[in-house]
Amino acid sequence: ETGVTQTPRHLVMGMTNKKSLKCEQHLGHNAMYWYKQSAKKPLELMFVYNFKEQTENNSVPSRFSPECPNSSHLFLHLHTLQPEDSALYLCASSQAGRTSGANVLTFGAGSRLTVL
Amino acid sequence: GQNIDQPTEMTATEGAIVQINCTYQTSGFNGLFWYQQHAGEAPTFLSYNVLDGLEEKGRFSSFLSRSKGYSYLLLKELQMKDSASYLCAVRGELTGGGNKLTFGTGTQLKVEL
């Protein structure tokens, strides 16, 4: 256990479905991130939240909609996805605002999404 | 732009030493990280370098040369459980978005008997 919990671990959905991925961290961090991990590709940063405010949207299609109700929880709402969106979606957290030192990102185990 | 290169796959023998290289070209530099990721699990933090030189942590060491845009991860006394993907990541320019890392594709290490 890393202190970052993601649910569900596996999700299969059709292109017309609406589903959500959930991330919760128990580390007292105040920055949270969504990354996408596809086979043979680097982790791609999708969204960053600092103190519940979105500070980064890395040109992500609007069919992915993040929500951060508080510093401990992060959601990724999914709607009208495409088969190429099938991937492992990783959530991470860290301290916000620190620009010195390691300020390590702690990752969850990911949600494996398959879009049919 | 951001570009991070590392080998796709490596194979080594149990008990041996292996070096995984990473080269990077990024806008700004504020630290280089190595993560280990076993299949189906979370990436876990291994090491952090921000100044040139070698950082040693048990069986794992990481080296950085900022002038060459180069790092390596050195794994000694390899064990079967070291079979995993090793991710190199760079924290580039510090912006309002804070602590953003750019990752390489990862190096899949297979440790054999």
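Read on for a plain summary of the structure. Model, not experiment: these values are computed from the prediction. (Residues numbered from 1 in each chain as written. Chains lettered and ligands numbered in written order. Predicted model: local features only at pLDDT ≥ 70, side-chain atom pairs only at ≥ 80, totals over all residues. Heavy atoms only, no water.)

## Here's the deal with the nonpolar core
Taken as a class, soluble globular proteins show a tendency for nonpolar side chains to be buried jointly. One finds Trp34(A), Phe64(A), Leu76(A) and Leu78(A) to be the most contacted residues of the largest nonpolar core, which totals 22 residues. Those elements that provide at least two residues to this core are β2 (10-13), β3 (18-25), β4 (31-37), β5 (44-50), β7 (64-70), β8 (73-79), β9 (87-94) and β11 (111-115) of chain A. Of all hydrophobic cores here, the second largest spans 21 residues; its members include Leu45(A), Leu88(A), Phe33(B) and Leu101(B). (Core = buried A, V, L, I, M, F, W, Y, C linked by side-chain atoms within 4.5 Å. Buried < 20%, exposed > 50% of the residue type's maximum accessible area, 1.4 Å probe, protein only. Helix = DSSP H or I, 4+ residues; strand = E, 2+ residues; numbered from the N terminus.)

## Considerations on the sheet that holds strand β1 (residues 4-7) of chain A
Residues and elements named next belong to chain A. Taken in spatial order, the four strands line up as β1-β3-β8-β7 in an open sheet, and their pairing is antiparallel. The sheet is open, and its two edges are formed by β1 and β7, each paired on a single side. Direction aside, neighbouring strands of the sheet carry axes that sit 20 degrees apart on average. Where β1 lies against β3, four bridges are found, and the strand directions are antiparallel. Each residue of the ladder has a partner; that of Val-4, found in β3, is Gln-25. (Pairing = 2+ DSSP bridges. Axes fitted to C-alpha atoms, helices over the stretch in contact; angles between N-to-C directions.)

## A word on the layout of surface pockets
When its volume is computed, the largest pocket comes out at roughly 650 Å³. Along the walls of the largest pocket sit 27 residues, with Gln37(A), Ala39(A), Gln37(B), Ser85(B) and Gln108(B) positioned nearest its centre. Elements represented by at least two residues in the lining of the largest pocket include exactly β9 of chain A together with β9 (84-91) of chain B. In terms of residue count, the dominant contributor to the lining of the largest pocket is β9(B) (three residues). For the lining of the largest pocket, the residue count by class is eight nonpolar, 14 polar and five charged. Looking at the second largest pocket, it is lined by 18 residues, and the ones nearest its centre are Leu45(A), Asn58(A), Gln2(B), Leu101(B) and Thr102(B). Per element, the largest residue contribution to the lining of the second largest pocket is three residues, and it comes from strand β10 (residues 101-103) of chain B. Here the lining of the second largest pocket is built from residues that sort into six nonpolar, eight polar and four charged. (1 Å grid on protein atoms, 1.4 Å probe; cavity = no way out; pocket = protein on both sides within 12 Å on 5 of 7 lines; lining within 4 Å. Points joined across faces, edges and corners; volume = space filled by probe spheres on them. Nonpolar A, V, L, I, M, F, W, Y, C, P; charged D, E, K, R; others polar.)

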